[in-house]
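Secondary and tertiary structure notes
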Amino acid sequence: MSTTLPPSSGPAADAPPDAPGGRLAPWGADPYANALRTGRGPLFLRRGDGWLLPLDVERWCSRAGAADLSALHRCEGPVLDVGCGPGRLVAELTALGHRALGIDVSEAAVARTRRLGGSALLRSVFDPLPGEGRWGTVLLVDGNIGIGGDPDALLHRTAQLLGTGGLLIAETAPLDLDERVQVRLDDGRPAPEAAAAPGSEPAAALFPWARLGTEALLRYARACGWRTVDQWSAEGRPFVSLRRPRPVLERNARTRSQSADSANSAPVISSQLPR
Ligand SMILES: C[S@@+](CC[C@H](N)C(=O)[O-])C[C@H]1O[C@@H](n2cnc3c(N)ncnc32)[C@H](O)[C@@H]1O
């Protein structure tokens with residue numbers, strides 16, 4: 001993904017990510033399914049104004065590479081790969097002995113992940129999911145921090161999925177970006193003239209997407225209590241890992257028990273307290 005989209009004028013306002021039409025249709029449609037079937041592009045995210053963001057279908061359909069492995073070796077506990085695509089990461093994790101599940105809204109992606117020997121479900125990240133609140137690591141790789149076009153909402157959802165102390169590993173854009181855009185999938189072929197005729201197939205649906213550089217992601221994450229664990233780059237792909245914020249209830253319970261401790265007991269030096 002190397003082409004820069006110009007900054008957009010405001011937040012994505014199209015179908016909300018949890019509306020069935022806005023969520024399942026675009027990535028479930030032909031251009032993406034065809035690309036996954038052949039293992040090849042061209043495939044782009046296209047903005048209304050014609051800007052194209054190339055999607056790296058060939059890499060997604062290959063085996064996990066060195067940059068992928070740099071992320072996978074940092075995974076802890078059971079791993080949920082959100083937007084797993086054709087499944088190279090789930091397959092590699094499974095081969096490494098991790099419990100791993102991919103979720104994706106594209107039937108072709110889920111089918112291909114399963115063919116590689118990985119477990120995958122046809123589900124949106126915003127749907128009810130197995131193991132909510134118990135995953136050790138959530139992966140948002142290959143630009144998937146853009147899912148839903150609202151990074152705050154996706155970070156919030158990810159925090160719900162992770163267990164206490166869980167880890168989010170996210171790949172960011174290799175540029176200083178913070179943009180929310182309306183895009184559609186495009187295979188680069190000129191639209192047939194008939195497509196403009198009344199009663200013809202409608203153009204692929206627009207959907208909201210976001211692109212974030214590392215600084216922007218860390219800004220969003222810090223604002224809702226995530227703690228940065230690591231930042232690195234491999235084969236030109238930047239990654240960050242973040243620890244889940246403690247939910248408000250957990251924080252309140254801890255504060256209450258700490259004040260009860262200090263009110264009721266003799267002073268305790270901090271190294272004696274459980275971390
Ligand atoms: C940029 S591609 C990333 C591909 C993938 N990581 C790979 O290894 O091939 C985005 C992926 O996210 C999926 N996706 C989009 N919206 C989603 C949602 N709400 N929940 C789960 N997956 C979604 C798409 O179907 C697509 O496979």
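First, a word on what this report is: a plain description of the structure on this page. (Residues numbered from 1 in each chain as written. Predicted model: local features only at pLDDT ≥ 70, side-chain atom pairs only at ≥ 80, totals over all residues. Heavy atoms only, no water.)

1. A look at helix α2 (residues 30–38)
Condition: Burial classes: relative accessible area under 20% of the type maximum marks a residue as buried, over 50% as exposed, and values in between as partly exposed (1.4 Å probe, protein chains only). Helix and strand definitions follow DSSP, with helices as H or I runs of at least four residues and strands as E runs of at least two, each counted in order from the N terminus.
When we look at burial in α2, the residues that qualify are Pro31, Tyr32, Ala33, Ala35 and Leu36. Gly39 sits one or two residues past α2 and shows a positive phi near 75°.

2. Points about the side chain of Asp186
The line we're drawing: Contacts were defined at the residue level, with two residues in contact if any of their heavy atoms lie within 4.5 Å.
For Asp186, the position within the fold is in strand β8 (residues 178–186). We classify Asp186 as buried; its relative accessible area is 12%. Ignoring any residue separated from it by four or fewer positions in sequence, one finds Asp186 in contact with Pro42, Leu43, Phe44 and Arg46.

3. Overview of the site of the ligand
The criterion, for reference: Only a single heavy atom is needed: when it lies within 4 Å of a molecule or strand, its residue is near that molecule or strand. For the purposes of these results, a polar contact is taken to be a pair of N or O atoms within 3.5 Å, where, inside protein, one atom must be able to donate a hydrogen and its partner to accept one; residues adjacent in sequence count only when each atom of the pair is a side-chain atom. Here the accessible surface of atoms and residues is derived via Shrake-Rupley with a 1.4 Å probe, and residues count as covered only by protein chains that are part of the display. Each residue gets one of three labels, nonpolar for Ala, Val, Leu, Ile, Met, Phe, Trp, Tyr, Cys and Pro, charged for Asp, Glu, Lys and Arg, and polar for the others, Gly among them.
Near the ligand, the surroundings consist of 18 residues, among which Tyr32, Pro86, Arg88, Asp104 and Asp142 are the closest. In the environment of the ligand, a nitrogen atom lies 3.0 Å from a nitrogen or oxygen atom belonging to the backbone of Val125. Coverage of the ligand by the protein amounts to 98% of the 600 Å² it exposes when considered alone. Here the shell around the ligand is composed, by residue class, of nine nonpolar, five polar and four charged.

4. Some points on the pattern of salt bridges
Going by this rule: Criterion for a salt bridge: a side-chain nitrogen of Lys or Arg within 4 Å of a carboxyl oxygen of Asp or Glu.
Summed over the entire model, instances satisfying the criterion amount to 17 salt bridges. Here Arg59 makes a salt bridge to Asp56, at a shortest N to O gap of 3.2 Å. For Arg59, a relative accessible area of 24% translates into the label partly exposed. Overall, Asp56 belongs to the partly exposed group, its relative accessible area being 27%. Here Asp68 ties to Arg237 by a salt bridge, and the two come within 2.9 Å at their closest N and O atoms. Placement of the pair is Asp68 in helix α4 (residues 66–72) and Arg237 in strand β11 (residues 237–243), with a sequence separation of 169 residues. Note on accessibility: Asp68 and Arg237 belong to one class, buried. In this structure, a network of salt bridges that share partners links the residues Asp56, Arg59, Asp68, Arg88, Asp142, Glu171 and Arg237.

5. Here we look at the sheet that holds β8
The pairing of strands in a sheet comes from backbone hydrogen bonds and takes either a parallel or an antiparallel form. Applied cut-off: Pairing between strands is defined by DSSP: at least two bridges between the two strands are required. Here an angle of 0 to 180 degrees is reported between the N-to-C directions of two axes, which are lines fitted to C-alpha atoms, with helices fitted over the stretch in contact.
Across the sheet, which stays open at both edges, the four strands sit in the order β2-β1-β8-β9 with antiparallel pairing between neighbours. Looking along the sheet, the strands with just one partner apiece sit at the ends: β2 (52–54) and β9 (207–212). With direction set aside, neighbouring strand axes in the sheet form an average angle of 45°. Note that β8 and β9 share six bridges and pair antiparallel.

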